[in-house]
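If you want the building blocks of each chain, they are given just below.
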Amino acid sequence: MYSGQFVYCGKKATLTVGNVLPLNQVPEGTIVCNIEAKLGDRGAFARCSGTFAVVVTHDEDKGTTRLRLPSGGKKTVPSNVRAQIGIVAGGGRTDKPLLKAGRAYHKYAVKRNCWPKIRGVAKNPVEHPHGGGNHQHIGMPSTVSKERPAGRKVGLIGARRTGRLRGVKKTAQDKD
């Protein structure tokens, strides 16, 4: 897209970058972004910088379209939902390192209070269940039950297994 470009929306819009069309008007293999999950929700999938989804198949009988999302997973959505043609701008944003704490501070200051992340073992026992002791160690199993109260639910919550993954893992792409 470029500055001053006309953007057309609707069934009769042409298949050019920036235009918004219903997915049933888009051929298979097209790269789309800002896709709705439900008709009229104004976009839910593939909205982050540099991301896109690919239209895999149309099922006219059910009125659905299958998409390959940026995560690699596949999603089935109604065929009448709208999507923008093309890739979201700003790709490669995460490739450049932040390098210093000040840049990380300003990055997260506009988002939410999730930085800096202080480890539980570095805290005092009144602040975290893993805190305290003469050495920085957890001192108890890091796995906790799903039924534990809110203050104790830290570490690996309701873990089915822990440790290294061994053997070959079947992915969603192998099953299809």
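You'll find the structure just up there.
Residues numbered from 1 in each chain as written. Predicted model: local features only at pLDDT ≥ 70, side-chain atom pairs only at ≥ 80, totals over all residues. Heavy atoms only, no water.

## As for the overall build of the protein
- Looking only at helices and strands, the protein has 2 helices and 8 strands in total.
- From first element to last, N terminus to C terminus, the protein shows the α and β order β-β-β-β-β-β-α-β-β-α.
- Counting only C-alpha atoms, the protein reaches 70 × 40 × 30 Å along its principal axes.
- Accessible area of the protein: about 13000 Å², with a carbon and sulfur share of 52%.
- In the protein, 32 positive and 11 negative side-chain charges are present, and the distance between their average locations comes to 12 Å. (Helix = DSSP H or I, 4+ residues; strand = E, 2+ residues; numbered from the N terminus. Areas by Shrake-Rupley, 256 points an atom, 1.4 Å probe, with all protein chains shown as cover. Lys, Arg positive; Asp, Glu negative; His and termini not counted. Charge placed at Lys NZ, Arg CZ, Asp CG, Glu CD.)

## Some points on unusual backbone geometry
- A cis geometry characterises the amide bond from Trp-115 onward to Pro-116, with omega recorded as -5°.
- Examined against the element boundaries, Pro-116 turns out to sit in the loop between α1 (101-109) and β7 (143-144).
- Located in the positive-phi region is Arg-42, a residue other than glycine, with phi close to 65°.
- Counting through the fold element by element, Arg-42 comes out in the loop between β2 (31-33) and β3 (53-59).

## Here we look at the sheet that holds strand β6 (residues 82-85)
- Here 6 strands make up an open sheet; going across it, the order is β1-β6-β2-β3-β4-β5 and the pairing antiparallel. Each edge of the open sheet is held by one strand with a lone partner, namely β1 (20-22) and β5 (74-78). If you compare each strand with its neighbour and ignore which way they point, the axes differ by 50° on average.
- Relative to β6, β1 runs antiparallel, the two sharing 3 bridges. Counted as the bridge partner of Pro-22 is Arg-82 from β6. (Pairing = 2+ DSSP bridges. Axes fitted to C-alpha atoms, helices over the stretch in contact; angles between N-to-C directions.)

## Considerations on the pattern of salt bridges
- If you walk through the whole model with that rule in mind, you get 1 salt bridge.
- Between Arg-82 and Glu-36 there is a salt bridge, with its nearest N and O atoms 2.6 Å apart. Of this pair, Arg-82 sits in strand β6 while Glu-36 sits in the loop between β2 and β3, and the two are 46 residues apart along the sequence.
- The exposure class of Arg-82 is partly exposed, given its relative accessible area of 37%.
- The buried category is assigned to Glu-36, whose relative accessible area is 2%. (Salt bridge = Lys/Arg side-chain N within 4 Å of Asp/Glu carboxyl O. Buried < 20%, exposed > 50% of the residue type's maximum accessible area, 1.4 Å probe, protein only.)

## Focus: the environment of Ile-35
- Positionally, Ile-35 belongs in the loop between β2 and β3.
- Separated by 12 residues in sequence, Ile-35 and Arg-47 place their C-alpha atoms 7.9 Å apart.
- The residues contacting Ile-35, other than those within four sequence positions of it, are Leu-23, Gly-43, Ala-44, Phe-45, Ala-46, Ala-53, Leu-67, Val-81, Arg-82 and Ala-83. (Contact = heavy atoms within 4.5 Å.)

## Looking at the packing of aromatic side chains
- Inspection of the entire model under this criterion finds 1 aromatic pair.
- Ring centres of Phe-6 and Tyr-8 lie 6.5 Å apart, and the angle between their planes is 20°; this geometry places the pair in the stacked category.
- Take Phe-6: its relative accessible area is 63%, and that puts it in the exposed class.
- What makes Tyr-8 partly exposed here is its relative accessible area of 47%. (Phe/Tyr/Trp six-rings, centres within 6.5 Å; stacked < 30°, edge-to-face > 60°.)

Geometric descriptors of this kind do not, in isolation, establish any biological role.
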